[in-house]
Amino acid sequence: MRHSTLRQLEVFEAIARLGSFTRAAEELHLTQPTVSMQIKKLTDAVGLPLFEQVGKRMYLTDAGRALQAFTREMLDHFARFEMTLADMKGLKQGRLRLAVVTTAKYFAPRLLGLFWEQYPGIEVALKVANREHVLERLAANEDDLYILGQPPEEMDIVAEPFLENPLVVLAPARHPLAGEHRIPLARLAQEPFLLRELGSGTRAAIERTFAEHGLKLKVRMELGSNEAIKQAIVGGLGVSVLSRHTLGLDPPLGQFAILDVEGFPIVRHWFVVYPSGKRLSVVASTFLDYLKDAPKHSTEPN
Ligand code: PGA
């Protein structure tokens, strides 16, 4: 039995499944004499007949049935092993195209770094843009995965939350409201406000919160990035609401105060998104699984 080959078992499996030598020969693109020869060798190796002919029909003998069960299991294992090999090759040479919203740049590179440690052969193309541009890329299917603060409702996508994204009220450390408790939102609305550019997801979330309370922001300045806003806060130009992740690389709070305003932090989530129906590459689906474990990796601002 140990001398029978994988090919012989494949031929046997096809005959047992199709109930015919002729059809098995067709499926495997072999001639009929070749099929008969393979089965003869296999039967000799087993030492018992595998088929019996009754009239025109062919049946499996008991030994044939036992061999059929064994062969199926073995071919299954073989197929799984082939998949594992393909995955390994994929993860050695793969490429990951990732588009993330600007605010995600505070933690995405750190997560990528940890991922790289496990799969050093992978090449990563990271595109950082505001929400509007990331959504354009998603619509054009330009990347493997997208990270954003809120999944778009109007698109047919798969979206998985993987990390909390608390939005906090940031003011300069010496701000008069620093240290006060439960500051009403209406009081915050009186402060000069620094707002992200149109198209920013953070901006959309802030505007929604104020609109829900029938309040209007007193916008002093519109700035195109979280960093510019942070500099303006430190410079005393106003207050703002930003993701707590934007403090990631600063010493703990340092020049900032987080104001205790009613309704804050607004707890949003980071989502990893891709068009539904998209066949993810091995690399992309591995990174997706890795992201879903993100809270276990170190992503806390330090
Ligand atoms: P943004 O997106 O960087 O465009 O503000 C962040 C978000 O959607 O939460």
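Quick caveat, the model's predicted, so the values are computed rather than measured.

### Considering a nonpolar patch on the surface
- There is a patch of nonpolar side chains on the surface, built from Phe81, Leu85 and Met88 and spanning about 290 Å² of accessible area.
- Counting through the fold element by element, phenylalanine 81 comes out in helix α4 (residues 62-93).

### Describing helix α5 (residues 108-118)
- Ala108, Leu111, Leu112 and Phe115 are the residues of α5 that are buried. Down the axis of α5, the buried side of the element spans an arc of 100 degrees, and every buried residue falls inside it.
- The inward-facing, buried residues of α5 abut β3 (95-101), β4 (123-129), β6 (157-172) and α10 (282-292).

### So, the nonpolar core
- Counting residues in each nonpolar core, the largest one holds 37 residues, and the members touching the most others are Leu96, Phe107, Leu145, Ile147, Phe162, Trp270 and Phe287.
- For this core, the elements supplying multiple residues, two or more each, are β3, α5, α6 (131-139), β5 (145-148), β6, β11 (266-275) and α10.
- Among the elements that take part in this core, α10 stands out by supplying 6 residues, more than any other.
- Filtering out sequence-adjacent residues up to four positions away, phenylalanine 107 remains in contact with Ile147, Phe162, Leu163, His245 and Trp270.

### Notes on the packing of aromatic side chains
- For the structure on display, the rule yields 9 aromatic pairs.
- Considering the side-chain rings of phenylalanine 115 and phenylalanine 287, the 4.9 Å spacing of their centres and the 70 degrees angle between planes classify their relative orientation as edge-to-face. Placement of the pair is phenylalanine 115 in helix α5 and phenylalanine 287 in helix α10, with a sequence separation of 172 residues.
- Its relative accessible area of 1% is what places phenylalanine 115 among the buried residues.

How each quantity is defined
Residues numbered from 1 in each chain as written. Predicted model: local features only at pLDDT ≥ 70, side-chain atom pairs only at ≥ 80, totals over all residues. Heavy atoms only, no water. Patch = residues over 30% accessible without salt bridge, like charges linked within 9 Å, V, L, I, M, F, W, Y side chains within 5 Å. Areas by Shrake-Rupley, 256 points an atom, 1.4 Å probe, with all protein chains shown as cover. Salt bridge = Lys/Arg side-chain N within 4 Å of Asp/Glu carboxyl O. Helix = DSSP H or I, 4+ residues; strand = E, 2+ residues; numbered from the N terminus. Buried < 20%, exposed > 50% of the residue type's maximum accessible area, 1.4 Å probe, protein only. Arc of directions from axis to C-beta. Contact = heavy atoms within 4.5 Å. Core = buried A, V, L, I, M, F, W, Y, C linked by side-chain atoms within 4.5 Å. Phe/Tyr/Trp six-rings, centres within 6.5 Å; stacked < 30°, edge-to-face > 60°.

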